[in-house]
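The lines below spell out each chain.
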Amino acid sequence: TQLLEQSPQFLSIQEGENLTVYCNSSSVFSSLQWYRQEPGEGPVLLVTVVTGGEVKKLKRLTFQFGDARKDSSLHITAAQPGDTGLYLCAGQSGAGSYQLTFGKGTKLSVIP
Amino acid sequence: GAGVSQSPSNKVTEKGKDVELRCDPISGHTALYWYRQSLGQGLEFLIYFQGNSAPDKSGLPSDRFSAERTGGSVSTLTIQRTQQEDSAVYLCASSLAGLAGHSRRTGELFFGEGSRLTVL
């Protein structure tokens, strides 16, 4: 079973601060997705990264896939209260795999 | 509606009772997934459907759990003789193709809001 470890588990910051959350594994993933989940709702896809070393930007969010495709990071610049939520990474283990393995998530609170 | 619909949104049941959870995926999505999310835990994969077929049922925690999908659309997850450890949010997701033969990547999963199950 491939595991994805996310850190930190909880993060509480002031509005305007920068933060980085991490998603690490000892296994290689063919692709990795980041989702955000708000209370009472299902996760919503933010981005998919597929190439080692790939960097994708989504407004104030920057996603990076590690060169070896075993890890990923999400950096948020100038966090806003609207960024509050549970951030989940999910990896596809192989090109022929339909199954996504999810990490436990990072619960982010941005205080106004 | 345009999104994935799940019902009931909340279900409280007594230990030993059977429950059925329903998922209505986005129209045209051939792939359907069931996940379970317990407090403080990530999403645990349960089962995947491509059309009406379930290629892999190994994620189902025990033989008390079963799922079916009819007409390539609606899916039902059934839990028999519920136990307290079954309490969780059960999330359904659909995807346009899952892992289509021509695609190496799992498509975007669109999740429903989940069914929160509480077993007393």
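Each remark here, short or long, concerns the structure printed above.
Before going into details, it helps to say that this report is about the structure given with it. Predicted model only: the values in this text are computed from it and were never measured.

Contacts between chain A and chain B engage 23 residues on the former and 21 residues on the latter. Taking both sides of the interface into account, the surface hidden between chain A and chain B amounts to around 1,900 Å²; carbon and sulfur atoms contribute 55%. Taken as a group, Tyr98, Phe102 and Lys104 of chain A account for 32% of the area that chain A buries against chain B, more than any other trio of residues on that side. The tally of links from chain A across to chain B stands at 0 salt bridges. For the side of chain A that touches chain B, the secondary structure elements donating two or more residues are β4 (31-37), β9 (85-92) and β10 (100-102) of chain A. A per-element tally of the side of chain A that touches chain B places β4 of chain A first, with 4 residues.

Time to look at the environment of Thr48 of chain A. Residue and element names in this part refer to chain A. The topology assignment puts Thr48 in strand β5 (residues 44-49). Assessed through its relative accessible area of 19%, Thr48 is described here as buried. Separated by 42 residues in the primary sequence, Thr48 and Ala90 have C-alpha atoms spaced 9.3 Å apart. Filtering out sequence-adjacent residues up to four positions away, Thr48 remains in contact with Ser31, Leu32, Gln33, Glu54 and Lys56.

All names here are of chain A. Relative to the helices and strands, Ser25 resides in the loop between β3 (19-24) and β4. According to the relative accessible area criterion, Ser25 is buried, its value standing at 16%. In terms of polar contacts, Ser25 uses its side chain to reach the backbone amide nitrogen of Ser27, at 2.9 Å. If we ignore the near neighbours within four places in the chain, the residues touching Ser25 are Leu3, Leu4 and Lys70.

This part is about the sheet that holds strand β1 (residues 5-7) of chain A. Residues and elements named next belong to chain A. Pairing is antiparallel across the open sheet formed by 5 strands, whose spatial order is β1-β3-β8-β7-β6. Pairing within the sheet leaves two strands with one partner each, and these edge strands are β1 and β6 (55-58). Looking at each pair of strands side by side, their axes are set apart by 15° on average, direction ignored. As judged from the 4 bridges shared by β6 and strand β7 (residues 61-65), these two strands associate in the antiparallel manner. From the neighbouring strand, Leu58 faces β7, where its bridge partner is Leu61.

Tallied over the entire structure, the rule returns 5 salt bridges over all chains. Lys56 of chain A is paired through a salt bridge with Glu54 of chain A; the nearest N and O atoms lie 3.8 Å apart. One salt bridge in this structure joins Arg36 of chain B and Glu44 of chain B, with 3.0 Å as the shortest N-O distance. A residue is classified by how much of its surface remains accessible, and Arg36 of chain B, at 10% relative accessible area, is buried. Overall, Glu44 of chain B belongs to the partly exposed group, its relative accessible area being 33%.

Rules behind the numbers
- Residues numbered from 1 in each chain as written.
- Chains lettered and ligands numbered in written order.
- Predicted model: local features only at pLDDT ≥ 70, side-chain atom pairs only at ≥ 80, totals over all residues.
- Heavy atoms only, no water.
- Contact = heavy atoms within 4.5 Å.
- Buried area = accessible area lost by both parts, 1.4 Å probe.
- Salt bridge = Lys/Arg side-chain N within 4 Å of Asp/Glu carboxyl O.
- Helix = DSSP H or I, 4+ residues; strand = E, 2+ residues; numbered from the N terminus.
- Buried < 20%, exposed > 50% of the residue type's maximum accessible area, 1.4 Å probe, protein only.
- Polar contact = N/O pair within 3.5 Å; in protein donor to acceptor, adjacent residues only side chain to side chain.
- Pairing = 2+ DSSP bridges.
- Axes fitted to C-alpha atoms, helices over the stretch in contact; angles between N-to-C directions.

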